[in-house]
Amino acid sequence: MNKIFEQFVQNLSMHDNTSEIERLLRRTLDEYGFPCFAYLSFAPRGDDDDTLAMTTYPSSWVEQYCANRYDRIDPVIARSIATTLPFAWSADRFDTKLTNKQKWLLEEASEFGIRHGVTIPIHDRQGKVATLTLAACGSRSAFDTRVEQYRHQLHLIAIYVHARLRNVTPTPISPLRPCLTQRERSCLQWAARGKSALDTAEIISVSRRTVVFHTENAKRKLGVATVQQAVAKGLMYDIISM
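These numbers were taken from a predicted model, which means no experiment stands behind them.

**Student:** Please explain the overall build of the protein chain as it appears in this structure.
**Tutor:** Helix and strand counts for the protein chain come out as 10 helices and 5 strands. For 242 residues, the compact-globule formula gives about 18 Å, and the C-alpha radius of gyration of the protein chain, at 19 Å, lands near that figure. Oriented by its inertia axes, the alpha-carbon framework of the protein chain measures out at about 60 × 35 × 30 Å. Counting every position in the protein chain, which comprises 242 residues, the buried fraction comes to 45%. At a minimum sequence separation of 6, the contacts of the protein chain that also span at least 24 residues come to 65%. Of the side-chain charges in the protein chain, 31 are positive and 26 negative, and the distance between the mean point of each set is 8 Å.

**Student:** How should I be thinking about the environment of Ala109 in this particular structure?
**Tutor:** Within the secondary structure, Ala109 is located in helix 5 (residues 100-110). Sequence-wise, Ala109 and Leu24 are 85 residues apart; in three dimensions their C-alpha atoms are separated by 26 Å. Residues contacting Ala109, with those up to four places away along its chain left out, are Trp61 and Ile114.

**Student:** What's the story with helix 6 (residues 140-168) in this structure? I'm lost.
**Tutor:** Because the α-helix completes a turn every 3.6 residues, residues three or four places apart line up on one side. With 29 residues, helix 6 extends just 36 Å between its outermost C-alpha atoms, more than 12% less than the 42 Å of an ideal straight helix rising 1.5 Å per residue. Largest kink in helix 6: about 70°, centred on Arg151.

**Student:** So what exactly am I meant to see when it comes to helix 10 (residues 227-236) here?
**Tutor:** Restricting attention to buried positions, one finds in helix 10 the residues Ala230, Val231, Ala232, Gly234, Leu235 and Met236. On the buried face of helix 10, the contacting elements are strand 4 (116-123), helix 6, helix 7 (182-192) and helix 9 (208-222). Just downstream of helix 10, Asp238 is the residue with a positive phi angle, here 60°.

**Student:** Got a minute to help me understand the pattern of salt bridges in this structure?
**Tutor:** Side chains carrying opposite charge are able to pair once their charged atoms draw close together. Taken as a whole and judged by the stated rule, the model has 8 salt bridges. Lys219 serves as the salt-bridge partner of Glu216, at 2.8 Å between the closest nitrogen and oxygen. One end of the pair, Glu216, and the other, Lys219, are both in helix 9, 3 residues apart, so they sit about a helical turn from each other. If you follow the salt bridges from partner to partner, you end up with Arg93, Arg140 and Asp144 in one network.

**Student:** Looking at this structure, I do not really get the pairing of strand 3 (residues 87-90). What am I missing?
**Tutor:** Both faces of the sheet carry side chains from a regular strand, because those side chains alternate between them. Because side chains alternate across strand 3, one face comprises the buried residues Phe87 and Trp89, and the other comprises Ala88 and Ser90, equally buried. Bridging between strand 3 and strand 4 involves 4 bridges; their strand directions are antiparallel. Within the sheet, the bridge partner assigned to Phe87 lies in strand 4 and is Thr119.

**Student:** Please clarify how the sheet that holds strand 5 (residues 129-136) should be interpreted in this entry.
**Tutor:** The strand order 2-1-5-4-3 describes an open sheet built from 5 strands, whose pairing is antiparallel. Lying at the two open borders of the sheet, with one neighbouring strand each, are strand 2 (52-55) and strand 3. Taken pair by pair, the neighbouring strands of this sheet meet at an average axis angle of 20°, ignoring direction. Pairing analysis gives 8 bridges linking strand 4 to strand 5, with the strands arranged antiparallel. Residue Ile122 lies in a different strand from strand 5, and its bridge partner there is Ala130. Along the sheet, helix 6 makes contact with strand 1 (37-42), strand 2, strand 3, strand 4 and strand 5, crossing strand 4 at roughly 25°.

**Student:** Just to check I follow, could you spell out the packing of aromatic side chains for this structure?
**Tutor:** Geometrically, a pair of aromatic rings is defined through the distance of the ring centres and the angle of the planes. All chains considered together, the criterion is met by 10 aromatic pairs. Note on Phe34 and Phe143: the rings are 5.8 Å apart at their centroids and 90° apart in plane angle, and the pair reads as edge-to-face. Placement of Phe34 in the loop between helix 2 (18-32) and strand 1 and of Phe143 in helix 6 is noted, with a sequence separation of 109 residues between them. Exposure class is identical for Phe34 and Phe143. Each is buried. Pairing Tyr70 with Trp104 gives two aromatic rings, centres 5.7 Å apart and planes at 85°, and the pair type is edge-to-face. With Tyr70 in the loop between helix 3 (59-67) and helix 4 (75-82) and Trp104 in helix 5, the pair connects residues that are 34 residues apart, well separated along the chain. For Trp104, a relative accessible area of 42% corresponds to the partly exposed category. The ring of Trp190 is capped by Arg193, whose NZ or CZ atom sits 5.2 Å from the centre of that ring.

**Student:** Would you mind going over the environment of Ala201 with me for this structure?
**Tutor:** Checked against the element boundaries, Ala201 lands in helix 8 (residues 197-204). Counting along the chain gives 11 residues from Ala201 to Val212, while the straight-line C-alpha distance between them is 9.1 Å.

The rules behind each value
Residues numbered from 1 in each chain as written. Predicted model: local features only at pLDDT ≥ 70, side-chain atom pairs only at ≥ 80, totals over all residues. Heavy atoms only, no water. Helix = DSSP H or I, 4+ residues; strand = E, 2+ residues; numbered from the N terminus. Rg over C-alpha atoms; globule rule 2.2 N^0.38 Å. Buried < 20%, exposed > 50% of the residue type's maximum accessible area, 1.4 Å probe, protein only. Contact = heavy atoms within 4.5 Å. Lys, Arg positive; Asp, Glu negative; His and termini not counted. Charge placed at Lys NZ, Arg CZ, Asp CG, Glu CD. Expected span 1.5 Å × (residues − 1). Bend = angle between axes of the 7 residues up to and from the residue. Salt bridge = Lys/Arg side-chain N within 4 Å of Asp/Glu carboxyl O. Pairing = 2+ DSSP bridges. Axes fitted to C-alpha atoms, helices over the stretch in contact; angles between N-to-C directions. Phe/Tyr/Trp six-rings, centres within 6.5 Å; stacked < 30°, edge-to-face > 60°. Lys NZ or Arg CZ within 6 Å of the ring centre and 35° of its normal.

Rendered as structure tokens:
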């Protein structure tokens, strides 16, 4: 993990309202070289009151998008509902076949400097869908190179932000979540705050070997391969918090 991500994780846990979280997200993505982004959280087939948006897109485009209810034809939103995998897009490059209206929408967005991008979808167990979209108008190859360089951190940032936003607007906890012991949760909790196994061992007064043992058990129960994935899944299932 790099210093930008470590600082993001440390700061995120200290923010308890959407305005602070949005400022942190803006600052962090700008440091990664992605000043143009949009975060959207919504419930498919739900009402508009359940929607949360954060964006640095040009205000004139945002106003036009909202006034014309482009969300109803936006291919990025449609694709995000159908997949959990990040995907790249542009008017001439999309994972699925676009209708004429969808092509027109992407072409219109390009007039506002939103010519291509990559979207990270998030599906949580409460039926919500969120997307973190990074967009650009410059060189496609340079943009793709930067996304690939930081793709792991960017994916985790999207998940962490969504989880933190849910924490500041609590919702009922589902009983169908993996059952971790208190020690396993504690090890994941400190990992979520950017602590290494050695750091966690010192904090909870056990050996590093014990921390690794409990972390490996947590990974196995959550069905993941890495500590970062375990942290992300723990956040999404409300097993741990930021």
